Amino acid sequence: MESKTATVLNIDLVQTISERLNNTVSKPIINDAVFLICEALETAAYRDRSFSIVNFGTISTYIQNSGMGLNLSSGNLEKAPPTKLVKFIPHPIFTDLFRQYQKKMDTEVKKT
């Protein structure tokens, strides 16, 4: 299965929110809100705190312990330093929406 990565740009997010709100809130206000939300998420991740987004999921950071590994450039066995990683645990509603979207895309691909 081919892996696809989606990038959400701030301007696209602002446009989508504006449309969903029937253009009742100005885009500069929406842009400020999006910036503040992203900043809060970044701060929480930086402070090693987990945080939840309602109906989306939980994002948490953790430290992967150091271990032995093969250095591909030298061929030597070396100790890898501890690394900070991010874990995403999707909310069941988000998982269901994603599965519905996947089924829809699969049926569209089969039609063509």
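What comes next concerns the included structure.

Criteria and thresholds
Residues numbered from 1 in each chain as written. Predicted model: local features only at pLDDT ≥ 70, side-chain atom pairs only at ≥ 80, totals over all residues. Heavy atoms only, no water. Pairing = 2+ DSSP bridges. Helix = DSSP H or I, 4+ residues; strand = E, 2+ residues; numbered from the N terminus. Axes fitted to C-alpha atoms, helices over the stretch in contact; angles between N-to-C directions. Patch = residues over 30% accessible without salt bridge, like charges linked within 9 Å, V, L, I, M, F, W, Y side chains within 5 Å. Areas by Shrake-Rupley, 256 points an atom, 1.4 Å probe, with all protein chains shown as cover. Salt bridge = Lys/Arg side-chain N within 4 Å of Asp/Glu carboxyl O. Buried < 20%, exposed > 50% of the residue type's maximum accessible area, 1.4 Å probe, protein only. Phe/Tyr/Trp six-rings, centres within 6.5 Å; stacked < 30°, edge-to-face > 60°. Lys NZ or Arg CZ within 6 Å of the ring centre and 35° of its normal. Expected span 1.5 Å × (residues − 1). Arc of directions from axis to C-beta.

Here's the deal with the sheet that holds strand β5 (residues 83–90)
Part 1 of the reasoning: In spatial order, the strands read β1-β2-β5; together these three strands make up an open sheet with antiparallel pairing. Of all the strands in the sheet, the pair left with one neighbour each is β1 (51–53) and β5. The sheet shows a mean angle of 25° between the axes of neighbouring strands, taken without regard to direction.
Part 2 of the reasoning: The pairing of strand β2 (residues 57–64) with β5 spans eight bridges and is antiparallel.

What to know about the pairing of strand β3 (residues 67–70)
Part 1 of the reasoning: Relative to strand β4 (residues 77–80), β3 runs antiparallel, the two being bridged by four bridges. Paired with glycine 67 across the two strands is alanine 80, which belongs to β4.
Part 2 of the reasoning: Two successive antiparallel strands, β3 and β4, enclose a turn made up of six residues, where glycine 75 displays a positive phi of approximately 80°.

What to know about a nonpolar patch on the surface
Part 1 of the reasoning: Among the surface-exposed residues, Met68, Leu70, Leu72 and Leu77 lie close enough to one another that they form a single nonpolar patch of about 520 Å² accessible area.
Part 2 of the reasoning: By the secondary structure assignment, leucine 70 is in strand β3.
Part 3 of the reasoning: Residue classification places leucine 70 among the exposed positions, given a relative accessible area of 56%.

Comments concerning the packing of aromatic side chains
Part 1 of the reasoning: Counted under the stated rule, the structure contains three aromatic pairs.
Part 2 of the reasoning: Measuring from centroid to centroid gives 5.1 Å for phenylalanine 56 and phenylalanine 88, while their planes differ by 40°, and the two rings are tilted. Of this pair, phenylalanine 56 sits in the loop between β1 and β2 while phenylalanine 88 is found in strand β5, placing the two residues 32 residues apart along the sequence.
Part 3 of the reasoning: By relative accessible area, phenylalanine 56 is classed as partly exposed at 30%.
Part 4 of the reasoning: Ring geometry for phenylalanine 56 against phenylalanine 94: centres 4.8 Å apart, planes inclined by 65°, an arrangement best described as edge-to-face. Linking phenylalanine 56 in the loop between β1 and β2 with phenylalanine 94 in helix α3 (residues 92–111), this pair joins segments that are 38 residues apart in sequence.
Part 5 of the reasoning: Each residue in the set Phe56, Phe88 and Phe94 is aromatic and connected to the rest through ring pairs, giving one cluster.
Part 6 of the reasoning: Cation over ring: lysine 87 sits above tyrosine 62, and NZ or CZ is 5.5 Å from the ring centre.

Regarding unusual backbone geometry
Part 1 of the reasoning: Positive phi outside glycine occurs at asparagine 22, with the angle close to 55°.
Part 2 of the reasoning: Within the secondary structure layout, asparagine 22 lies in the loop between α1 (10–20) and α2 (27–46).
Part 3 of the reasoning: Despite not being glycine, asparagine 23 has its phi angle at roughly 55°, a positive value.
Part 4 of the reasoning: Tracing the backbone shows asparagine 23 in the loop between α1 and α2.

Let's talk about α2
Part 1 of the reasoning: Here α2 is 20 residues long and its end C-alpha atoms lie 28 Å apart, about the 28 Å a rise of 1.5 Å per residue gives.
Part 2 of the reasoning: Within α2 the residues assigned to the buried category are Ile30, Val34 and Ala44. For α2, the arc enclosing every buried residue in end-on projection is 95°, short of the 170-degree limit, so these residues lie on one face. Along α2, exposed side chains directed more than 90 degrees from the buried face belong to Pro28, Ile29, Leu36, Glu42 and Tyr46.
Part 3 of the reasoning: Positive backbone phi, approximately 60°, marks aspartate 48, located one or two places after α2.

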